[in-house]
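# Observations on the model geometry
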Amino acid sequence: MIKKFLNIIMLSFKGYSTLRSFQILECENITLSGKCIEFGAVDGDKKNFSYYFKGEPKYFYSNIDKRNSKNYIQLDLTKKLKLKNRSFNNVIFLNVLEHLPNINIAFKELERVLKKNGHLIGSTPFIYQVHGAPNDYYRFSKDFFIKKFNKKKYKSVKIIPLGFGPFVASYSLIFPLFKILPIFKEIILSICFVMDSIVQIFVKTNLNEIYPVGYFFKIKK
């Protein structure tokens, strides 16, 4: 837990939000291969989560904007995708679902283009400010993902709550107010971590299960 916190602090110094920092750390634990597509991403953008996965897969990127790149595919997740069945070994979609007005279409299409034994890798915010892109529709709980990714249908279901506890979750909400104040924001974050660690002593349930800043999931088809 201490090691993870120190990594979060280092990412905070680089300007990453608490949620994104936790997401990056989870991506760094995964090795990918084969053909991958990352939704909500643009070819060559340093903000892409694909930069943090291990391995050397063939990446493609997709968003709703029109761009001229051989590794970029213009797609709209609110509609049927112009992709063949079982096209990709891995489908990556972090911080995307909450911006889609109809998630049922998206899930159906993401599962359709995924190869057998392939992985759906995604993440969504939970205790997090409203952020339009251009709209922000949903917050998904762990119970939602457990029901959605039924273990009878999928070979492996891993859902990870992101965070440390209520104080770090609160910090995550006010991070945009402090992001231009280096060192000061890390001091506040450190205090929040210590407070969560103290509270955890008296609570049996892991506090990130109760106060998650978001969820990260890896699902094997």
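Bear in mind the structure is a predicted one, so any value in this text is a computation, not a measurement.

## Overview of the overall build of the protein chain
Of the regular secondary structure elements, the protein chain holds seven helices and seven strands. Seen in sequence order, the protein chain has helices and strands lined up from the N terminus as α-α-β-β-β-β-α-β-α-β-α-α-α-β. Relative to the globule expectation of 17 Å for 221 residues, the C-alpha radius of gyration of the protein chain, 18 Å, shows essentially globular dimensions. In terms of principal-axis extent, the alpha carbons of the protein chain reach across some 50 × 40 × 35 Å. In the protein chain, which comprises 221 residues, the proportion classed as buried is 48%. Each charge class in the protein chain was averaged separately, 36 positive and 16 negative side chains, and the resulting centres sit 8 Å apart.

## Observations concerning the sheet that holds strand β7 (residues 214-220)
Pairing is mixed in the open sheet, where seven strands are placed in the order β3-β2-β1-β4-β5-β7-β6. The sheet is open, and its two edges are formed by β3 (72-74) and β6 (156-162), each paired on a single side. Averaged over all pairs of adjacent strands, the angle between their axes in this sheet comes to 15°, without regard to strand direction. Here strand β1 (residues 35-39) pairs with strand β2 (residues 58-63) via five bridges, running parallel. Within β2, the position partnered with Glu38 by the bridge is Tyr61. Against the sheet, helix α2 (residues 18-27) touches β4 (88-94), β5 (114-125), β6 and β7, its axis set at about 145° to β6. With respect to the sheet, helix α3 (residues 103-113) is in contact with β1, β4 and β5, its orientation differing from that of β5 by roughly 145°.

## What to know about the pattern of salt bridges
Side-chain pairs of opposite charge can arise where the charged atoms are in close proximity. One pass over the full model with this rule turns up seven salt bridges. A salt bridge links Lys4 to Glu26; the shortest N-O distance between them is 3.8 Å. Here Lys4, found in helix α1 (residues 2-13), pairs with Glu26, found in helix α2; they are 22 residues apart in sequence, far enough to count as distant. With relative accessibility at 34%, the residue Lys4 sits in the partly exposed group. Here Lys142 ties to Glu209 by a salt bridge, and the two come within 3.2 Å at their closest N and O atoms. Taken together, the residues Lys142 in helix α4 (residues 142-148) and Glu209 in helix α7 (residues 207-210) connect sequence positions 67 residues apart. A relative accessible area of 32% places Glu209 in the partly exposed class.

## Considerations on the environment of Phe149
Structurally, the position occupied by Phe149 is in the loop between α4 and β6. Using a relative accessible area of 1% as the deciding quantity, one classes Phe149 as buried. Sequence-wise, Phe149 and Gly40 are 109 residues apart; in three dimensions their C-alpha atoms are separated by 21 Å.

## Details of the side chain of His99
Along the chain, the position of His99 falls in the loop between β4 and α3. Polar contacts involving the side chain of His99 include one to the side chain of His131, which spans 3.4 Å. When residues no more than four places from it in sequence are discounted, the contact partners of His99 are His131, Gly132, Ala133, Asn135, Asp136 and Tyr137.

## A short note on the packing of aromatic side chains
Inspection of the entire model under this criterion finds 22 aromatic pairs. Here Phe60 and Phe88 contribute two aromatic rings whose centre-to-centre distance is 6.1 Å and whose plane-to-plane angle is 70°, an arrangement assigned as edge-to-face. Placement of the pair is Phe60 in strand β2 and Phe88 in strand β4, with a sequence separation of 28 residues. In this structure, Phe60 and Phe88 share a single accessibility class: buried. Look at Tyr138 and Phe140: their rings are 5.5 Å apart centre to centre, the planes differ by 35°, and that puts the pair in the tilted class. For Phe140, a relative accessible area of 3% puts it in the buried group. Aromatic ring contacts, followed pair by pair, group Phe93, Phe107, Phe126, Tyr137, Tyr138, Phe140, Phe144, Phe145, Phe149, Tyr154, Tyr215 and Phe217 into a single cluster. A cation over a ring is seen here: Arg20 above Phe49, with NZ or CZ 4.1 Å from the ring centre. The ring of Phe60 carries the charged tip of Lys58 above its face, separated from the ring centre by 5.6 Å.

Conventions and cut-offs
Residues numbered from 1 in each chain as written. Predicted model: local features only at pLDDT ≥ 70, side-chain atom pairs only at ≥ 80, totals over all residues. Heavy atoms only, no water. Helix = DSSP H or I, 4+ residues; strand = E, 2+ residues; numbered from the N terminus. Rg over C-alpha atoms; globule rule 2.2 N^0.38 Å. Buried < 20%, exposed > 50% of the residue type's maximum accessible area, 1.4 Å probe, protein only. Lys, Arg positive; Asp, Glu negative; His and termini not counted. Charge placed at Lys NZ, Arg CZ, Asp CG, Glu CD. Pairing = 2+ DSSP bridges. Axes fitted to C-alpha atoms, helices over the stretch in contact; angles between N-to-C directions. Contact = heavy atoms within 4.5 Å. Salt bridge = Lys/Arg side-chain N within 4 Å of Asp/Glu carboxyl O. Polar contact = N/O pair within 3.5 Å; in protein donor to acceptor, adjacent residues only side chain to side chain. Phe/Tyr/Trp six-rings, centres within 6.5 Å; stacked < 30°, edge-to-face > 60°. Lys NZ or Arg CZ within 6 Å of the ring centre and 35° of its normal.

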